[in-house]
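# A look at the structure
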Amino acid sequence: MFKLFKNKFLWLLLLIIAVSLVLMNSTTAHRNNITLAEKIVRDAFVPLQSGVSSFKGSWDGWTGVFSDKNRLQQRIKELEAENGRLAFENQSLREYKQESMRLRRMLNFEDTNRDNYDLLAAHVIARSPNNWYKCITIDRGSRQGVKKDMPVISTGGLVGLVASVSENSAQVSLITDREMAVGAIVQETRETNGIVEGLGDSNQLRMINIPYYSKIKKSDLIVSSGLSAIYPSGIMIGTVTEVTREPNGLLLLAEIRPAVNFDKLEEVFVVTGYQPETGAKVEEE
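This text gives an overview of the structure that appears in the document. None of the values given here were measured: they were computed from a predicted structure. (Residues numbered from 1 in each chain as written. Predicted model: local features only at pLDDT ≥ 70, side-chain atom pairs only at ≥ 80, totals over all residues. Heavy atoms only, no water.)

## Observations concerning the packing of aromatic side chains
Spelled out, the test is: Any two rings among Phe, Tyr and Trp, with Trp reduced to its six-membered ring, count as a pair given centres within 6.5 Å; such a pair is stacked if its planes are under 30 degrees apart, edge-to-face if over 60, and tilted if neither. Summary of the burial criterion: residues with accessible area below 20% of their type's maximum are buried, those above 50% are exposed, and those between are partly exposed, where the area comes from a 1.4 Å probe applied to protein chains only.
According to the stated counting rule, one finds one aromatic pair in the structure shown. Ring centres 5.4 Å apart and planes at 80° place the aromatic pair Tyr 212 and Tyr 213 in the edge-to-face group. By relative accessible area, which is 47% here, Tyr 212 ends up partly exposed. The class of Tyr 213 is exposed, set by a relative accessible area of 55%.

And the structure:
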C-alpha cells in the first residue's frame with residue numbers, strides 16, 4: 001500500500017514540476033527579469049528545443065524533396081507528350097514537303113511535254129506482291145478516259161502499260177513484268193535497236209536482239225524507239241549496267257537498270273494521246 005502511494009506521489013510530483021517548468025518557460029518571454037530557477041529551466045529546455053527544431057527542419061527538407069520529385073516527374077511526362085506531338089507534326093511536315101516536291105516535278109513535266117502528250121495524272125493505290133508479274137493499281141479508270149494499252153510514264157521514265165480498266169481504277173503492268181517488252185534504242189548514238197524485256201525484278205531489265213557489231217556500252221542511256229503503235233519514242237527506260245555476248249556470238253545482251261524506282265513510285269501519268277513524230281523530254285529522277 002505504501003509502495004503504491006509512493007509511486008502515485010512521485011508521478012504527481014513529476015507532473016507538477018513539468019507543468020511548472022512549462023508555465024515558467026512560457027511566461028519568461030514576457031518579462032525582463034527572470035529568477036534563477038527560470039534561467040535554469042530555460043537552459044534545460046535549450047537542447048530539447050534544438051532537437052525539435054532540427055527534426056522539423058529535416059522533415060521539411062525531406063517533404064520538399066518528395067514534392068520536387070513529384071513535380072519533376074509530372075514535368076517529364078508533360079515534356080514527353082509534347083515531344084511526341086512535335087515529332088508527329090515534324091513527320092507530317094516532311095511528308096507534305098516530299099509530296100509538294102513530287103507534284104511540282106509532275107507539273108513541270110506536264111508543262112514541258114504539253115505539246116507532245118495528253119497526260120492524265122494518277123496516284124498509285126496498290127501494288128502486286130507477285131514476284132513474277134509486276135503491276136500497280138492507279139486511281140483513274142474508264143470514267144476519267146483511261147483505256148487498255150495506254151502507256152504509263154512518270155517524271156523519271158517509262159512505267160508500263162494499262163492492262164485492265166474499271167470505272168474508277170486501272171491495273172498497270174510494269175515494264176519489269178516478265179510478259180512486257182518494249183522496242184528500245186541507245187539515246188545518244190541512235191544506231192542500236194533492240195527489245196527491252198522484264199525479268200520480274202523491279203531492279204533490272206534486259207535488252208535483247210542487239211547486233212553483235214553494236215557499240216553499245218556501259219552507262220549508255222536507253223529510250224523507247226517508237227517502233228510500236230503503243231509506246232511513244234524517246235521515253236527514258238534505263239541505263240546500261242553490263243553488256244555480254246550471247247552464246248551463239250551473233251547477238252549481244254545488255255543489263256539495264258530502270259530509270260524509275262518502282263518501289264518508291266507514288267504518282268504517274270497515263271498517256272491518253274500523243275504525237276508519234278515528236279520525241280519526249282523526260283527528266284531523270
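## Section: the nonpolar core
We count it as follows: Residues grouped as a nonpolar core are buried Ala, Val, Leu, Ile, Met, Phe, Trp, Tyr and Cys residues, joined through side-chain atoms within 4.5 Å. Helix and strand assignments come from DSSP, with helices taken as H or I runs of at least 4 residues and strands as E runs of at least 2, each series counted from the N terminus.
Among the nonpolar cores identified, the biggest contains 43 residues, and Val 159, Met 207, Ile 216, Ile 222 and Ile 237 are the most heavily contacted of them. Here this core takes five residues from strand E1 (residues 117-127), the largest share from any one element.

## Describing the sheet that holds strand E9 (residues 221-224)
Filter applied, for reference: Pairs of strands are assigned from DSSP output, requiring at least two bridges between the strands. Simply put, an axis is a line fit to the C-alpha atoms, just over the touching stretch for a helix, and the angle between two N-to-C directions goes from 0 to 180 degrees.
Read around the closed barrel, six strands run E6-E7-E8-E11-E10-E9, paired in antiparallel fashion. In this sheet, adjacent strand axes meet at a mean angle of 40° when their direction is disregarded. Sheet topology places strand E8 (residues 205-211) next to strand E11 (residues 251-258); five bridges connect them, and they run antiparallel. Its bridge partner being in E11, Met 207 is matched across the sheet by Ala 254.

## What to know about the pairing of E9
Summarising the sheet, strand E6 (residues 181-186) and E9 pair through three bridges and their orientation is antiparallel. Within the sheet, the bridge partner assigned to Ala 184 lies in E9 and is Ser 224. Pairing of E9 with strand E10 (residues 236-245), which is carried by three bridges, proceeds in the antiparallel orientation. Counterpart to Val 223 in the pairing with E10 is Met 236.

## Structural notes on the pattern of salt bridges
Rules: Put simply, a salt bridge is a Lys or Arg side-chain nitrogen that is within 4 Å of an Asp or Glu carboxyl oxygen.
Applying the stated criterion to the full structure yields five salt bridges. The salt bridge partner of Asp 220 is Lys 217, with a shortest N-O separation of 3.1 Å. Its relative accessible area of 45% is what places Lys 217 among the partly exposed residues.

## Here's the deal with unusual backbone geometry
In this structure, Asp 149 takes a positive phi of about 75° despite not being glycine. Mapping Asp 149 onto the fold places it in the loop between strand E2 (135-138) and strand E3 (151-153). For Asp 149, a relative accessible area of 34% puts it in the partly exposed group. Positive phi, close to 80°, is recorded for Ser 219, a residue that is not glycine. The residue Ser 219 is located in the loop between E8 and E9 in this model.

Functional significance is not addressed by these values, which are geometric in nature.
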